[in-house]
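What the coordinates show
What follows is the residue order along each chain.
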Amino acid sequence: MSKALVKYFCKNCGHSATKWLGKCPSCEEWNSFTEEVVQKSGGAKKLWSKSGHTKSEPVKINEIIEGHEQRLELPDNELNRVLGGGLVSGSITLIGGEPGIGKSTLLLQLALNLQKKVLYISGEESESQLKMRAERIGINNSNCYVMCETSLDNLLQYLQKDIPEILIVDSVQTLSSEAIDSPPGSISQIKECTAELLRFAKSTNVPVFLIGHINKDGNIAGPKVLEHMVDTVLQFEGDRHYNYRILRTLKNRFGSASEIGIYEMKGTGLREIENPSEILISEREDHLSGSSISCAVEGIRPILLETQALVSTAVYGTPQRTSNGFDLRRLSMLLAVLEKRCGFQLGIKDVFINIAGGMKLEDPGLDLGIVASILSSYQNISINKDIAFAGEIGLSGEVRAVSRIEQRISEAEKLGFKEIMISKYNKGIEQHQSKIQLVKVGKVEEAFEWLFG
Ligand code: TYD
Ligand code: MG
């Protein structure tokens, strides 16, 4: 009788070992090893073997003729954008996200909108549930096939007979291969299923989308393990209490990895938001203190959004700092700069920051707008609603230049702002190039003087 082959996997990075280890030698995480039975029946049989195996030979790099990557333009501009300009044939894209954020909706909607033969494999929902969702989205497409299947072997057998133009797998955690004894969702199953689908994609040139779950409890391997294997990793995120959803590129072998796509979840599926600025600054009241408009950049797209601050006297001994959508440590730094360099007594105040619309951004260009909102709330004087802000604050209170300033300026101009406050260190930006009035400052004090002085 053959003995079950047991292996140990790191839950964090997927490193495998033959014995249990306290600390992972690869990612140095402690206590991350779990035991899994990985006995393979009939050796390491490769299920996807249609194309056969050809031996590769080394070639000189300058003799390789550059094949034009075949890109398929999708009917979803936001998705095209995050994929770097369309879907590359034979690519494998992983979409991760918390439960209920809308991953299935996004891909079913794509399948319904595409004029191509799409096969949507669902291991989570029944056919009638998928039908219900399709009715909600409200598009009829006779080229969209769904299949409820959790066995990788059955799926690959079916694919031998009939190859779709696009394959969607919802989700990779529900698939399992008979070649491996551990349960679906375990690290070895996820790795094996992805490896098979990768072979399928590369040998048939069919693009594959995988949906991956992120689980907080850590029992099931998160898609982290897969990130090395796939070509593109997208993350679908958002706040449950808001309808906005952001699709972010985390890794992209075929394009930039700093793009975002913005959607709104509606009763009839996801709606692309082509001009996020108009929505994010539309709910603004005049003459309220503690609010300003910042011009941020995510990827290559400028986004205008409202940053709000509330500064109030601390009721308890330790002042509170709370931030929604802005890095808390960065907020502490900005407050320290305002205290030390400009003499504002913020150390005894509670400070709350909110980026309107549930957006979460990491652009340092938000600093100037955040500082303006904090000072406006501190002074209880509102900021003129025709001014936008774009600048990073340094530790000595200097306003630093930010990237893509031309795009920020033209976006603010396009949306009807009359003035934009920027750093005077942005090179080559002259007033005569734009109709919008440029307010150039070098230090936080100058910004304060200009706004409230
Ligand atoms: P779903 O795609 O099932 O999320 P995931 O696959 O990431 O778990 O989306 C679930 C949520 O989206 C659910 O709470 C209902 C909501 N929803 C809408 O608001 N409008 C719609 O048209 C659809 C299909 C879903
Ligand atoms: Mg789902």
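Only a predicted model underlies this, so the values are computations on that prediction, with no experimental measurement involved.

Quick notes on the domain arrangement of the protein
Segmenting the protein into domains produces domain 1 (5-38), domain 2 (72-274) and domain 3 (278-452). Each of domain 1 and domain 2 has a C-alpha centre, and these two points are 27 Å apart. Counting residues at the interface gives 9 residues for domain 1 and 10 residues for domain 2. Buried surface at the junction of domain 1 and domain 2, both sides included, amounts to about 800 Å², of which 56% is carbon and sulfur. Contact with domain 2 buries area across many residues of domain 1, yet Lys11, Glu36 and Val37 alone supply 51% of it, more than any other trio.

Topic: the sheet that holds strand 9 (residues 166-170)
Strand order in the open sheet formed by 9 strands is 8-7-9-10-6-11-12-13-14, and the pairing between neighbours is mixed. A strand with exactly one partner marks an edge of an open sheet, and here the two such strands are strand 8 (144-148) and strand 14 (269-272). Here the average twist between neighbouring strands, direction ignored, is 25°. Direction of pairing for strand 11 (residues 232-238) relative to strand 12 (residues 244-252): antiparallel, over a ladder of 7 bridges. When the sheet's bridge partners are listed, phenylalanine 236 is paired in strand 12 with leucine 247. Strand contacts of helix 3 (residues 127-137): strand 7 (118-122), strand 8 and strand 14, with the helix running at about 145° to strand 8, the strand carrying the most contacts. Contacting strand 6 (92-97), strand 9 and strand 10 (208-213), helix 5 (residues 187-204) runs over the sheet at an angle of about 165° to strand 10.

A few points about the sheet that holds strand 1 (residues 6-10)
Pairing within the open sheet is antiparallel, and its 3 strands lie in the order 2-1-3. Since the sheet does not close on itself, it has two edges, and those belong to strand 2 (16-17) and strand 3 (33-37), each with one partner. In the sheet, strand 1 pairs with strand 3 via 5 bridges, with the strands oriented antiparallel. Paired with valine 6 across the bridge in strand 3 is valine 37. Taken strand by strand, helix 5 contacts strand 1 and strand 3, and its axis lies near 85° from that of strand 1.

Considerations on the packing of helix 8 (residues 367-379) against helix 10 (residues 444-452)
For the pair helix 8 and helix 10, interaxial distance at closest approach is 11 Å and the crossing angle is 50°. Taken together, the axis directions place helix 8 and helix 10 in an arrangement best described as oblique. The chirality of how helix 8 crosses helix 10 is right-handed. Contact residues: Leu368, Val371, Ala372, Leu375, Ser376 and Gln379 in helix 8; Val444, Ala447, Phe448, Leu451 and Phe452 in helix 10. In terms of residue class, the contact of helix 8 with helix 10 is built from 9 nonpolar, 2 polar and no charged.

A short note on the nonpolar core
By size, the foremost hydrophobic cluster in this structure holds 44 residues, and its most contacted members are Met359 and Ile374. Two domains each provide a minimum of three residues to this core, namely domain 2 (72-274) and domain 3 (278-452). The residues contacting methionine 359, other than those within four sequence positions of it, are Ile246, Ile262, Leu280, Ile303, Leu305 and Gly325. Core analysis: the second largest hydrophobic core is formed by 29 residues, Leu79, Leu106, Val118 and Ile137 among them.

A few points about the pairing of strand 16 (residues 301-313)
Across a regular strand the side chains alternate sides, sitting on one face of the sheet and then on the other. As defined by bridge partners, strand 15 (residues 291-298) adjoins strand 16 across 8 bridges and the pair is classed as antiparallel. When the bridges of strand 16 are listed, serine 291 appears paired with glutamine 308. From the end of strand 15 to the start of strand 16, which pair antiparallel, there are 2 residues, and glycine 299 there has a positive phi angle of about 65°.

Here's the deal with the environment of serine 277
Assignment of secondary structure puts serine 277 in helix 6 (residues 276-280). In sequence terms serine 277 and alanine 296 are 19 residues apart; their C-alpha atoms lie 9.9 Å from each other. Sequence-distant contacts of serine 277, that is, excluding residues within four places in its chain, are made with Pro302, Ile303, Leu304, Glu411 and Leu415. At a separation of 3.0 Å, a polar atom in the side chain of serine 277 contacts the main-chain amide nitrogen of leucine 304.

Section: helix 9 (residues 405-414)
Burial in helix 9 covers these residues: Ile405, Arg408, Ile409, Glu411 and Ala412. Looking down the long axis of helix 9, one finds its buried residues gathered within 165° of arc, a one-sided arrangement. Following helix 9 by one or two positions, glycine 416 has its phi on the positive side, about 85°.

Observations regarding the side chain of serine 277
The class of serine 277 is buried, set by a relative accessible area of 0%. Here glutamate 411 takes part through its side chain, which lies 2.8 Å from a polar atom of the side chain of serine 277.

Cut-offs used in this document
- Residues numbered from 1 in each chain as written.
- Chains lettered and ligands numbered in written order.
- Predicted model: local features only at pLDDT ≥ 70, side-chain atom pairs only at ≥ 80, totals over all residues.
- Heavy atoms only, no water.
- Domains from an automatic or database assignment.
- Contact = heavy atoms within 4.5 Å.
- Buried area = accessible area lost by both parts, 1.4 Å probe.
- Pairing = 2+ DSSP bridges.
- Helix = DSSP H or I, 4+ residues; strand = E, 2+ residues; numbered from the N terminus.
- Axes fitted to C-alpha atoms, helices over the stretch in contact; angles between N-to-C directions.
- Parallel < 35°, antiparallel > 145°, perpendicular 65-115°, else oblique.
- Left-handed = near helix turned anticlockwise from the far one by under 90°.
- Nonpolar A, V, L, I, M, F, W, Y, C, P; charged D, E, K, R; others polar.
- Core = buried A, V, L, I, M, F, W, Y, C linked by side-chain atoms within 4.5 Å.
- Buried < 20%, exposed > 50% of the residue type's maximum accessible area, 1.4 Å probe, protein only.
- Polar contact = N/O pair within 3.5 Å; in protein donor to acceptor, adjacent residues only side chain to side chain.
- Arc of directions from axis to C-beta.

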